[in-house]
Amino acid sequence: MNRLLFVVLLLVTTAITRLHATDFVAKQLKVLPISVGVYQLILVVRNDNVLADAFAVRWEIYLGTNATGPKVFDYTQDEPTLQPYTDRDVTSAENFTATTAGSHYVRGTVVYGSEIDPSDNITSLIFEAIVPGCEAGETWRAGPAMTIVSSFKIWPDTPMVGDKLRPADVIGISALVTDADLLEQSCGCLDEDTSVVRGPYPDEVSYEWTLEGPGTLIQPPSGSKNTVMYQLPVCPPSEFFSATVRLRVTNAGGKARDEEVSGSVSFSVSTARIYSADFTPTWDAYTYDVSPSYNHLVPKSDGVVETASGNACTPLEPIWEKGPAISVNGGIRKSSAPLLCPEYLTLLSVSASDIDKYKLVCGSTPTTCSPSDTLSNTSNDGLTYSWSIIGGAGELPIPSTGSSIVVRRSASKPTIVQCIINDGGLQANDDPVTVIDTLPPVGKPKAFVGLGDDEGTSVSKLAGSVWDTWKEILGGTSSGEELYGGRSGALKSAYESLVSKLTNAGYDVIGDDSLVVTEFQAIVENPCIKTFAFVGHGASGKINMARMFIAGSWNTPQRGGEHVKGISQTAFNCDRHPFWRDLVLLACETMQGSWGSVQVYGRSHGYTTTKSFAKLRWWAYWSYDPLPPIILTVD
């Protein structure tokens, strides 16, 4: 074959080949993130020849910056016919999910067996992969049930509560419950979750007290209110009655909500007199006969917290940080019961809070998931309250580490109370806070002795000189005094004897040697007075007050049992006076009136009729035996 023929045959053969082949070009490779750690692969392919044909695309991914690293992805996808001189964005039917962060080498190849020019069938790029992060999470779980640190305690307690309490007296009631919850800390990545249980950490509880029956419930104005006072009714509704103080302890849900606990203290009360075997009244002081019974708080069963295990992320130990210092709202607050005198028991409370910060972090293995951002939050820490008496006198009859307590006060000395507030040490440790307050002495039970009209003369504050003038008219003799009982006579002597006897019995005596009618009402309205004694004159159930100069003339106003009843109804809403234990009326014909019914079961002394001042003075000196005061304070 000559040279010319060979050239002709070569040209013909080449032309025939081009008629049965095409030229695909890998123009551009794209890697598009569609979520954290998940990528979409796209290869732009062009048919750069006159013939249409089908082809395939292969994607390969290697760790690192070239094809020498470990291959982590290899996928080939067939494609239908591509028309001449057109482009197609070929998207991989499978996405690439990175398991390792960092540089990745991606190669896209057009696979076609009859390719004219394979040199442009491959393209590549390098991209930085971001793997999914370990997502931190938290869930508070109830876990351990609320703990009954102390069920109901009362003061005064048995046997004192049985026979020492009077109208308007109070009984301190205390309980203490704590709660600690579990923190379920989770970390998740690639559909795998790992959780661990942390704690327990303290949670807050709430005390909800209610009263069913007569009386009053005295509660702290703030704080967790673990202690209250039940005040007996001022006026007994009947000879026998009962009252129940109920308690619900709930979990406010600051962390997790636990199942509540509940209980109650019931008081059965009798106002009946105590009689001896021969049914003669003993004339002991009137008191409530109180019998307590308890429906104690009962703990519930613990909750169960399940955990999950995975291998992508690991919850690290929480990082606790102190927030603001322990905050005390208003110092120690005092809650008093109305009409309680002496105030032997006072309710004290403190409102405090402590907020701590914490961070939850997830760890990871290098080839799986990356660490997440830190989850930060705050949590109320549990607080303890250490109460003590640091000066003066007094006691804490119901010890407690709760935010409220009752203090048994002193009659003669101040009571200096200290409360040290500390956190539980289970979260961040804050510095303790100390608050101090002083309660003044409350004094002794009081008695009143008054001297009224002195038989035609006057010992009135407005006319104290009248008797002195009368003595001068009589020539300075004492016979008139002895006969009529003036300032230095039998009436005054009996008055002084009663003052002395009541003082020696232990009362703080209020003495008035010229009791005028304007002062009578204030004496009746005073709940601190336990004995009312009067020396003077009377008639038809009335006692004569000291004379007063009214409307241009001297008058001797009178008061009787009906006046006391009216004042008692207005001041205390009681038909009978609730606080007098002993009523002494050394005046003529006082027992003809309604004096004997003005007390709730106290005793009454008086005269039907007499003008024997010697007998009156003898009785005051020798026969009168004061009831000793009921003292519930610390002396």
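Data block above holds the structure.
About the thresholds
Residues numbered from 1 in each chain as written. Predicted model: local features only at pLDDT ≥ 70, side-chain atom pairs only at ≥ 80, totals over all residues. Heavy atoms only, no water. Salt bridge = Lys/Arg side-chain N within 4 Å of Asp/Glu carboxyl O. Buried < 20%, exposed > 50% of the residue type's maximum accessible area, 1.4 Å probe, protein only. Helix = DSSP H or I, 4+ residues; strand = E, 2+ residues; numbered from the N terminus. Patch = residues over 30% accessible without salt bridge, like charges linked within 9 Å, V, L, I, M, F, W, Y side chains within 5 Å. Areas by Shrake-Rupley, 256 points an atom, 1.4 Å probe, with all protein chains shown as cover. Lys, Arg positive; Asp, Glu negative; His and termini not counted. Charge placed at Lys NZ, Arg CZ, Asp CG, Glu CD. Core = buried A, V, L, I, M, F, W, Y, C linked by side-chain atoms within 4.5 Å.

A. Representation of the pattern of salt bridges in the model. The final tally for this structure, using the stated rule, is 22 salt bridges. A salt bridge links R58 to E60; the shortest N-O distance between them is 3.2 Å. On the basis of relative accessibility, which here comes to 29%, the residue R58 falls in the partly exposed class. For R409, the salt bridge identified is with E343, shortest N-O distance 3.4 Å. Of the two residues, R409 is situated in the loop between β27 (404–408) and β28 (415–423) and E343 in the loop between β21 (327–335) and β22 (345–353); the sequence distance between them amounts to 66 residues.

B. Structural view of a negative patch on the surface. Taken together, E135, D191, E192 and D193 make up a surface patch of like negative charges. The topology assignment puts E192 in strand β12 (residues 192–203).

C. Examining the nonpolar core more closely. Of all hydrophobic cores here, the largest spans 43 residues; its most connected members are I173, W209, F267 and V290. Those elements that place two or more of their residues in this core are β10 (147–155), β11 (170–189), β13 (205–212), β14 (216–218), β15 (227–231), β16 (240–251), β17 (261–270) and β22.

D. Spatial organisation of unusual backbone geometry. For the bond from W155 to P156, the omega torsion is 0°, close enough to zero to count as cis. In this fold, P156 is placed in the loop between β10 and α2 (160–163). Here the amide bond leading from C341 into P342 is cis, since omega sits at -5°, within 30 degrees of zero. In this structure, Y85 is a non-glycine residue whose phi angle is positive, near 55°. Residue placement: Y85 occurs in the loop between β4 (71–82) and β5 (87–91). Taking the relative accessible area as the measure of exposure, Y85 reaches 45% and is therefore partly exposed. Its identity is not glycine, yet S540 carries a phi of approximately 55°, on the positive side. Its location among the elements puts S540 in the loop between β33 (538–539) and β34 (542–544). With relative accessibility at 52%, the residue S540 sits in the exposed group.

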